[in-house]
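Working through the structure, step by step
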Amino acid sequence: MRIAETFNEGLKREYSVHVPAADLAARVDAQLGRVAAQVRMPGFRPGKVPLNLVRKMHGAQLMNEALQETVQEGVQQLIAEHALRPAMQPQVDLAAPPAEGKDIDFKVAVEVLPTIDAPKIDGIVLEKLVVPVDEVAVDAAVARLAEQAQGFVPAPEGHAAATGDSLTIDFKGTVDGEAFDGGTGEGMRVRIGSGQLIPGFEDQLIGAAVGEHRTVKVSFPADYNVAYLAGRAAEFAVTVTGIDTPEQASLDDDFAKKFGIDGIAALREILKDQVAAELATMTRTHMKRKLLDTLAAGHDFAVPPSMVEAEFDAIWRQVEAEEEAPSDDDRAEYRRIAERRVRLGLLLSEIGQANGIQISQAEMNRLIGQEAAKYNAKEQPQVVKYFQENAMAAAQLRAPLYEDKVVDFLLSKAEVTEREVTREALQAEIESDDETPGVRGHAHVHGPDCDHGHDHGHDHSHDHAAHGDGQARAHDADAAAHAPDAPSPAKKPRAKKAAPPAAAGEGAAAVVDPAVASGPGDVAASEPPAAVDPAETAPAPAKKARAKKAAAE
């Protein structure tokens, strides 16, 4: 096998590989001998079928298999000989179809990871915004919990509907006198003031009584996801069939016992811990973003175009799914975000490797166990096996933890000063970062095994066993109190710019632990078994939320 470099510019390399016909023939003959020992054919004893007949039956298949092995061996050899660190899977171009007795020539194109100077991690100065957990914050958490757990009782006869009441309505909508799909319903529950329906709809139900008929006039938002309704005026004939009024909860020991907790004091302590954890997460998010800003400002190096393109494609697919008509300016902005993510990802990986940051086998086992727990008992062994046997999938699973370890290491090295702020001020800081165009987004710390097929979701699960059943239920109830009302067919929230899909962190592309980098012959990971029916998680057809444009880091 003869290998020659034909192109070397920036991070792109190209090679020609020549394989003599004799080498390929020897590989085919070796495979032919193994196959012949197993072939059965009428008139011949097992293993005694003449090789010329075996060749006639299986020659084409054996040639293809030999060619694949030869190409893979050639790619691995050139990577080893030239000490390459591929950024993505090498691309192979066969000059001509293989033919018996002919030499084989093929080209290999590969982008390599950049050589990064020792990252500057000393002298980083950060400000830590701290929000104290006071009684006012705990009061607010208790109030949210009470609101979520609030019951309703039938309104007295003649009661006029007011904000906060839960109404049961029948409705029929028309546009220009014509009914439209999804515009008719019976027995729908809506709470006045919840913002569940089209703006202006709920307000026009205030003052209505049971049995009353009203005509509600509204206009669909201009960005409504049903094109023929967008921006159009509509009328709804509404009949109120029931009204329930909220039942005020007494925030005492009896209230706490509804959640399996002994008393209101214990409930307040649990909620105080949860508020503290939530604020700590906000503080870390802000610090992490500022840290990544500092790193980005201090390091500038070329990044592999193929990695940027793959990151951009992942972002753009979500943008196109959530925006009706993204502009060329959006495309340019998101490409800048993709490049920044890749650069930060490579930088964090380099820092992790240089400082011996690793994921232990015990930590990996815990990650696999947590992932398997999302599936039913029958599927869990299959999920565990999937991650144990698939290095690329395992690398993706460990990426968020590896990134967190690198970030924690950097934070431990930084000079940190603290400043007390309000929750609102901290939230404003985070949101101002989110709205910085073309700057932020989640880092994706890349390694040579990265196939850009990452699941960018976040796991918000909690260890209820550690807290006890009562605390778990209190947490669940408080979380539900923060959740928006379920959308109805009439709802269409105002749209915002779509955020790039979030990776594990708040600023680089997901960090891949370099200890598990796969070789050039590895193939992309297949998907693990589905945990749920996709239909069960699909958004309501009338809802089309377009998230903010990303904070990239």
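Calculation notes
- Residues numbered from 1 in each chain as written.
- Predicted model: local features only at pLDDT ≥ 70, side-chain atom pairs only at ≥ 80, totals over all residues.
- Heavy atoms only, no water.
- Helix = DSSP H or I, 4+ residues; strand = E, 2+ residues; numbered from the N terminus.
- Buried < 20%, exposed > 50% of the residue type's maximum accessible area, 1.4 Å probe, protein only.
- Contact = heavy atoms within 4.5 Å.
- Areas by Shrake-Rupley, 256 points an atom, 1.4 Å probe, with all protein chains shown as cover.
- Phe/Tyr/Trp six-rings, centres within 6.5 Å; stacked < 30°, edge-to-face > 60°.
- Lys NZ or Arg CZ within 6 Å of the ring centre and 35° of its normal.
- Pairing = 2+ DSSP bridges.
- Axes fitted to C-alpha atoms, helices over the stretch in contact; angles between N-to-C directions.
- Parallel < 35°, antiparallel > 145°, perpendicular 65-115°, else oblique.
- Left-handed = near helix turned anticlockwise from the far one by under 90°.
- Nonpolar A, V, L, I, M, F, W, Y, C, P; charged D, E, K, R; others polar.
- Salt bridge = Lys/Arg side-chain N within 4 Å of Asp/Glu carboxyl O.
- Polar contact = N/O pair within 3.5 Å; in protein donor to acceptor, adjacent residues only side chain to side chain.
- Expected span 1.5 Å × (residues − 1).
- Bend = angle between axes of the 7 residues up to and from the residue.
- Core = buried A, V, L, I, M, F, W, Y, C linked by side-chain atoms within 4.5 Å.

**A short note on the overall build of the chain**
- Along the chain, the regular secondary structure elements total 14 helices and eleven strands.
- Burial status across the chain gives 42% buried among its 553 residues.
- Looking at the chain alone, contacts between residues at least 24 apart form 77% of all its contacts between residues at least 6 apart.
- As presented, the chain carries roughly 28400 Å² of accessible surface, and 50% of it is formed by carbon and sulfur atoms.

**Thoughts on the packing of aromatic side chains**
- The full count for this structure, using the stated rule, is nine aromatic pairs.
- Between the aromatic rings of Phe180 and Phe236, the centroid separation amounts to 6.0 Å while the plane-to-plane angle is 90°, which identifies the pairing as edge-to-face. Placement of the pair is Phe180 in strand E8 (residues 178-191) and Phe236 in strand E10 (residues 233-247), with a sequence separation of 56 residues.
- Assessed through its relative accessible area of 2%, Phe236 is described here as buried.
- Ring geometry for Phe255 against Phe259: centres 5.4 Å apart, planes inclined by 75°, an arrangement best described as edge-to-face. In this pair, the class of Phe255 matches that of Phe259, namely buried.
- Arg335 extends its terminal NZ or CZ atom over the ring of Phe312, reaching a point 4.0 Å from the ring centre.
- It is Arg343 that lies over the ring of Phe301; its NZ or CZ is 5.8 Å from the centre.

**Concerning the sheet that holds strand E1 (residues 2-9)**
- A sheet is described by the order of its strands in space; here four strands give the open sequence E1-E2-E4-E3, paired in antiparallel fashion. Each end of this open sheet is capped by a strand with a single partner; those strands are E1 and strand E3 (91-94). Across the sheet, the mean angle separating the axes of adjacent strands is 20° when strand polarity is ignored.
- Note that E3 and strand E4 (residues 104-111) share four bridges and pair antiparallel.

**Topic: unusual backbone geometry**
- Here Ala83, not a glycine, exhibits a phi torsion of approximately 50°, which is positive.
- Topologically, Ala83 is positioned in the loop between helix H2 (51-81) and E3.
- Within the chain, Asp176 stands out as a residue other than glycine whose phi angle is a positive 55°.
- Along the chain, Asp176 turns up in the loop between strand E7 (166-175) and E8.
- You can call Asp176 exposed: its relative accessible area is 68%.

**Overview of the environment of Gln382**
- Along the polypeptide, Gln382 turns up in helix H9 (residues 380-389).
- Among the residues examined, Gln382 registers a relative accessible area of 47% and is labelled partly exposed.
- As a C-alpha pair, Gln382 and Ala372 span ten residues in sequence and 8.6 Å in three-dimensional space.

**Some words on the packing of helix H6 (residues 305-322) against helix H7 (residues 328-354)**
- At their nearest, the axes of H6 and H7 sit 8 Å apart, and the two run at 130° to each other. The orientation of H6 with respect to H7, classified from their angle, is oblique. The two elements H6 and H7 meet at a crossing, and its hand is right-handed. Taking contact as the criterion, the partners of Met307, Val308, Glu309, Glu311, Phe312, Ile315, Trp316 and Val319 in H6 are, on H7, Asp330, Arg331, Tyr334, Arg335, Ile337, Ala338, Glu339, Arg341, Val342 and Leu346.
- The residue makeup of the contact of H6 with H7, split by class, is eleven nonpolar, no polar and seven charged.

**Regarding the pattern of salt bridges**
- Counting across every chain of the model gives 22 salt bridges.
- The salt bridge involving Glu235 is made with Lys217; its shortest N-O contact spans 3.9 Å. Pair noted here: Glu235 is in strand E10 and Lys217 is in strand E9 (residues 213-219), with a separation of 18 residues, a long-range link.
- A relative accessible area of 55% means that Lys217 is categorised as exposed.
- One salt-bridge network, in which partners are shared between bridges, spans Arg284, Lys288, Glu403, Asp404 and Asp408.

**Considerations on the packing of helix H5 (residues 264-298) against helix H10 (residues 391-413)**
- At a closest axis distance of 11 Å, the pairing of H5 and H10 adopts a crossing angle of 80°. Put simply, H5 runs roughly perpendicular to H10. In this structure, H5 uses Arg284, Met287, Lys288, Leu291 and Leu295 to contact H10, whose residues at the interface are Glu403, Asp404, Val407, Asp408, Leu410 and Leu411.
- For the contact of H5 with H10, the residue count by class is six nonpolar, no polar and five charged.

**Section: the environment of Glu202**
- The topology assignment puts Glu202 in the loop between E8 and E9.
- For Glu202, a relative accessible area of 6% puts it in the buried group.
- Between the C-alpha atom of Glu202 and that of Leu167, which follows or precedes it by 35 residues, the distance is 9.8 Å.
- Each residue touching Glu202, except ones within four places of it in the same chain, is listed here: Val190, Arg191, Ile192, Gly193, Ser194, Gly195, Gln196 and Leu197.
- In terms of polar contacts, Glu202 uses its side chain to reach the backbone amide nitrogen of Gly193, at 2.9 Å.

**Quick notes on H10**
- In a regular helix each residue adds 1.5 Å, so 23 residues correspond to 33 Å; H10 covers 31 Å between its end C-alpha atoms and thus fits that length.
- The largest bend in H10 amounts to roughly 45° and is located at Ala399, with the proline Pro400 lying one to four residues further along.
- One side-chain oxygen at the N-terminal end of H10 lies 3.2 Å from the backbone nitrogen of Met392; it belongs to Asn390.

**Comments concerning the nonpolar core**
- Leu291, Leu295, Leu346, Ile351 and Leu410 are the most contacted members of the largest nonpolar core, which totals 48 residues.
- The set of elements that each furnish at least two residues to this core consists of H5, H6, H7, helix H8 (361-372), H9 and H10.
- Ranked by residue count, the leading element in this core is H10, at ten residues.
- Not counting chain neighbours up to four residues away, the residues in contact with Ile351 comprise Pro119, Ile121, Leu295, Val406, Phe409 and Leu410.

**Structural notes on the pairing of E1**
- The pairing of E1 with strand E2 (residues 12-19) spans seven bridges and is classified as antiparallel. When the bridges of E2 are listed, Asn8 appears paired with Arg13.
- Connecting E1 to the antiparallel partner E2 that follows it, the hairpin turn spans two residues, and Gly10 within it adopts a positive phi of roughly 60°.

Shape descriptors only; they carry no functional weight alone.
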